[in-house]
Amino acid sequence: MSKMLNEICDMLDGYTGRDKIIRTLCYTTKLASGLCAQSDPTRSKKLAIFSSKMSQTRATLRLFDDLPMLAYSLSYGYGSKEPDRWMGLIGFVTNLIDHAYYPVDKICWLIEHNLLNVENPTRWDTINSMLWVASIYLNLMKTIRSFTVMEQHKSCIDKKENESSQAFRMLLVKQRMEAISILRLSLDLIHAGSTLPKGMLWGGRFQTWHVGLIGSISSLLGLYQYVAKKRIVKQSS
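Rules and cut-offs
- Residues numbered from 1 in each chain as written.
- Predicted model: local features only at pLDDT ≥ 70, side-chain atom pairs only at ≥ 80, totals over all residues.
- Heavy atoms only, no water.
- Helix = DSSP H or I, 4+ residues; strand = E, 2+ residues; numbered from the N terminus.
- Buried < 20%, exposed > 50% of the residue type's maximum accessible area, 1.4 Å probe, protein only.
- UniProt positions renumbered as here; feature names shortened; annotations may be inferred.
- Axes fitted to C-alpha atoms, helices over the stretch in contact; angles between N-to-C directions.
- Parallel < 35°, antiparallel > 145°, perpendicular 65-115°, else oblique.
- Left-handed = near helix turned anticlockwise from the far one by under 90°.
- Nonpolar A, V, L, I, M, F, W, Y, C, P; charged D, E, K, R; others polar.
- Arc of directions from axis to C-beta.
- Contact = heavy atoms within 4.5 Å.
- Core = buried A, V, L, I, M, F, W, Y, C linked by side-chain atoms within 4.5 Å.
- Salt bridge = Lys/Arg side-chain N within 4 Å of Asp/Glu carboxyl O.
- Phe/Tyr/Trp six-rings, centres within 6.5 Å; stacked < 30°, edge-to-face > 60°.

### A short note on the overall build of the chain
- Check the secondary structure of the chain and you find nine helices and zero strands.
- Moving toward the C terminus, one meets the helices and strands of the chain in the order α-α-α-α-α-α-α-α-α.
- Along the three orthogonal principal directions, the C-alpha set of the chain runs to about 60 × 45 × 35 Å.
- Residues classed as buried in the chain amount to 38% of the 237 residues present.

Printed below as a string of structure tokens:
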């Protein structure tokens, strides 16, 4: 019990862990709101308000992501440290898109809180969603490429002593984590596409509980990966 409490407190202590918990609360309550919309409208409304407040909290916290993103992009450069040149190129382009996303996201935040008046606020929401979709899609392609490269590394190992080595076991663990990332990013792409206007991809076709279900599964996978990666780091150190 104390170990679980310590892990939760450790997650809440950092920005990334806290964001994952808030995201999970946001989408699980959205799912619950959608499911009980007909049977209990009052409860559904309360859950929807809570979900909306959690979403607004995440949007407010994103206002401070520019400098960490800039620091990451400068250290990433052109992706020369990636194991594959295509992964490096995709990562570099993704960083450029993310740098375009954050200013647009801030404009949308200002418009939502009536701090900025524009002629067509919907256009900014659309641009925001398009950048979001592009970023997730490229991250998905990069992760699939990473999984493929790991598979190629595995095929080069044909000796039994190598297959039982610590390095090979760690490769398997990392590949499983990449497989989970592929599933999570696929769900995120479906979700992001649903925020586009009708007529673009599958925009506007999902009901509340559909978005809640997709977001909940993705968030729970993200929580699992966060905890699992920390344990992997402890084991390897």
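### Considering the UniProt feature "transmembrane region" (unreviewed entry) in the chain
- The feature "transmembrane region" (unreviewed entry), as given by UniProt, occupies residues 208-227 in the numbering adopted here.
- As annotated, residues 208-227 has a helix share of 100% and a strand share of 0%, and its two end C-alpha atoms lie 28 Å apart.

### Section: the packing of helix α6 (residues 121-155) against helix α8 (residues 166-194)
- Two elements in contact, α6 and α8, have axes whose closest approach is 9 Å; the angle formed by their N-to-C orientations is 155°. On the basis of their axis angle, the class for α6 and α8 is roughly antiparallel. Relative to α8, the crossing made by α6 is left-handed.
- Of the residues contributing to the contact of α6 with α8, the split by class is 16 nonpolar, nine polar and five charged.

### Some thoughts on helix α4 (residues 66-76)
- Buried within α4 are the following residues: Met69, Ser73 and Tyr76. Buried residues of α4, seen end-on, are gathered within an arc of 65° and therefore sit on one face of the element. Those residues of α4 that are exposed and aimed more than 90 degrees away from the buried face are Leu67, Leu74 and Ser75.
- Those residues of α4 that are buried lie in contact with α5 (85-112) and α6.
- Of the residues one or two after α4, Gly77 is the one with positive phi, at around 60°.

### A few points about the side chain of Arg58
- Positionally, Arg58 belongs in helix α3 (residues 41-61).
- With a relative accessible area of 15%, Arg58 lands in the buried category.
- If sequence neighbours within four positions are ignored, Arg58 has contacts with Asp19, Ile22 and Arg23.

### Remarks on the packing of helix α1 (residues 2-13) against helix α2 (residues 15-35)
- Their axes nearest at 5 Å, the elements α1 and α2 cross at an angle of 105°. It follows from the interaxial angle that α1 and α2 lie roughly perpendicular. Counted together, Met11, Leu12 and Asp13 of α1 and Tyr15, Gly17, Arg18 and Ile21 of α2 form the full contact between these two elements.
- Looking at the contact of α1 with α2, its residues break down into four nonpolar, one polar and two charged.

### Section: unusual backbone geometry
- Backbone geometry at Asn114 places phi at a positive 60°, although glycine is not the residue there.
- Note on placement: Asn114 falls in the loop between α5 and α6.

### A word on the nonpolar core
- Ranked by size, the top nonpolar core spans nine residues in total: Met69, Ile90, Ile97, Tyr101, Tyr102, Val104, Cys108, Leu131 and Leu138.
- When residues of this core are traced back to their parent elements, those giving at least two are α5 and α6.
- Ranked by residues supplied to this core, first place goes to α5 with six residues.
- Apart from residues no more than four positions distant in its own chain, Tyr101 is found in contact with Arg62, Asn128, Leu131 and Trp132.
- Counting eight residues, the second-largest nonpolar core is a separate cluster that includes Ile136, Leu140, Ile182 and Leu196.

### Considerations on the pattern of salt bridges
- Taken as a whole and assessed by the stated rule, the structure comprises nine salt bridges.
- Linked through salt bridges whose partners overlap, the residues forming this network are Arg23, Arg184 and Asp188.

### Description of the packing of aromatic side chains
- Within the structure shown, the criterion is met by three aromatic pairs.
- Between Tyr72 and Tyr76, the aromatic rings sit 5.8 Å apart at their centres with planes inclined by 35°, giving tilted as the arrangement. Linking Tyr72 with Tyr76, this pair stays in helix α4, spanning four residues, or about one helical turn.
- What makes Tyr72 partly exposed here is its relative accessible area of 41%.
- Classification of Tyr76 as buried rests on a relative accessible area of 11%.

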